[in-house]
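As a plain string of letters, each chain reads:
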Amino acid sequence: DQNFEQGLCCNMVKFHGALYNDAVVNAELAQRLVSWLKKTQIRTVIAPHDSELGRRVAGAGLELVAEAFLDRRYRMGEEGALQLVHRSEDGAVFDAVEDAIRQAESIMHGYVILADGTEQGVVADTLCVHSDSDLSWPLLNMLCNPFEMLEPGTCRLVRRPVYGRQHLGVTP
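Starting afresh in each chain, residues are numbered from 1 along the sequence in its written order. Restriction of local features to residues with pLDDT of at least 70 applies here, the model being predicted, together with a cutoff of 80 or more for giving and counting side-chain atom pairs; totals for whole chains, interfaces and linings are based on all residues. Where side-chain values are given, they derive from all heavy atoms of the structure, hydrogens and water being excluded.

Trainee: Is there a simple way to think about unusual backbone geometry in this case?
Mentor: Across the chain, the bulk of peptide bonds are trans and the bulk of non-glycine residues have phi less than zero. With a phi close to 65°, Gln41 is a non-glycine residue in the positive phi region. With respect to the secondary-structure elements, Gln41 resides in the loop between helix H3 (27-39) and strand S2 (44-47). To qualify as a helix, a DSSP run of H or I must reach at least 4 residues; to qualify as a strand, a run of E must reach at least 2; elements of each kind are numbered from the N terminus.

Trainee: How should the packing of aromatic side chains be read in this particular structure?
Mentor: Two measures describe an aromatic ring pair: the distance that separates the ring centres and the angle between the ring planes. Note on aromatic contacts: the rings of Phe and Tyr and the six-membered ring of Trp form a pair at centre separations within 6.5 Å, being stacked when their planes are under 30 degrees apart, edge-to-face when over 60 apart, and tilted otherwise. Under the definition given, this model contains two aromatic pairs. By definition, being over a ring means that NZ of Lys or CZ of Arg is both within 6 Å of the ring centre and within 35 degrees of the ring normal. Lying over the aromatic face of Tyr20, Lys14 brings its terminal NZ or CZ to 5.8 Å of the ring centre.

Trainee: Explain the packing of H3 against helix H4 (residues 52-59) here, please?
Mentor: Two quantities define a packed helix pair, namely the angle between the axes and the distance from one axis to the other. Fitting a line to C-alpha atoms yields each axis, with helices limited to the stretch in contact; the angle taken between N-to-C directions then spans 0 to 180 degrees. Between H3 and H4, the least distance of the axes is 9 Å, while the angle of their chain directions is 40°. Our classification of the angle between H3 and H4 gives oblique. In this structure, H3 crosses over H4, and the sense of that crossing is right-handed. The residues of H4 that touch H3, namely those facing Ala27, Ala30, Gln31, Leu33 and Val34, are Glu52, Leu53, Arg56 and Val57. Considered class by class, the residues forming the contact of H3 with H4 number six nonpolar, one polar and two charged. Every angle not falling under 35 degrees, over 145, or within 65 to 115 is termed oblique; those three ranges are roughly parallel, roughly antiparallel and roughly perpendicular. Throughout, a crossing is termed right-handed when the near helix is turned clockwise from the far one, and left-handed when it is turned anticlockwise from it by less than a right angle. The contact criterion used throughout is that any non-hydrogen atoms of two residues lie within 4.5 Å. The residue classification treats Ala, Val, Leu, Ile, Met, Phe, Trp, Tyr, Cys and Pro as nonpolar and Asp, Glu, Lys and Arg as charged. All others, Gly included, are polar.

Trainee: So what exactly am I meant to see when it comes to the environment of Ala27 here?
Mentor: Within the secondary structure layout, Ala27 lies in helix H3. On the accessibility criterion, Ala27 (26% relative accessible area) is partly exposed. Taking the C-alpha atoms as reference points, Ala27 and Arg56, 29 residues apart in sequence, are found 8.0 Å from one another. Exposure categories follow from relative accessible area, calculated using a 1.4 Å probe and restricted to protein chains: below 20% of the type maximum is buried, above 50% is exposed, and the middle band is partly exposed.

Trainee: Got a minute to help me understand the side chain of Ser51 in this structure?
Mentor: Here Ser51 is to be found in the loop between S2 and H4. Look at Ser51 and you get buried, because its relative accessible area is 0%. Whenever a nitrogen or oxygen atom comes within 3.5 Å of another N or O atom, the pair is scored as a polar contact, on the condition that within protein one atom can donate a hydrogen and the other can accept it, and that pairs from neighbouring residues in sequence are kept only if both atoms are in side chains. Within the local environment of Ser51, its side chain forms a polar contact with the backbone oxygen of Pro48, the two atoms lying 2.7 Å apart.

See the structure below:
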């Protein structure tokens, strides 16, 4: 908080790891994070649209950049919202570029195919690929080429170290 008080701030935040996953389903945590965001004057948050955090961000008048993941499988959570299948479960992380491409195409059409094979609507302004995945670079190269051919400059790769890992985002 000291950096924020000194004006050393950012204008967009994406929470990561357990904090991200917990804020997606925990209304109290999501509200506490939104309070912190407002206190620090951060106005934009990357989070799933259909989540506690997403709803709280939008409800507070902050900008939500709705995110979906290309390299991870989804399921419906007990709360009735989309959740990522936990990495410890078989098939949670795609190991074939073709599967991630199919996921990208479905997201661009407004749905994902869940782990149980059913379709569920999804809203996404940005697509995320975890760089600890073996398919991250081949996938991003395959995706960016068609985006760039359609409209030059639309595909931006974001390479920012976060807690010792790189997270890659594709914003079409």
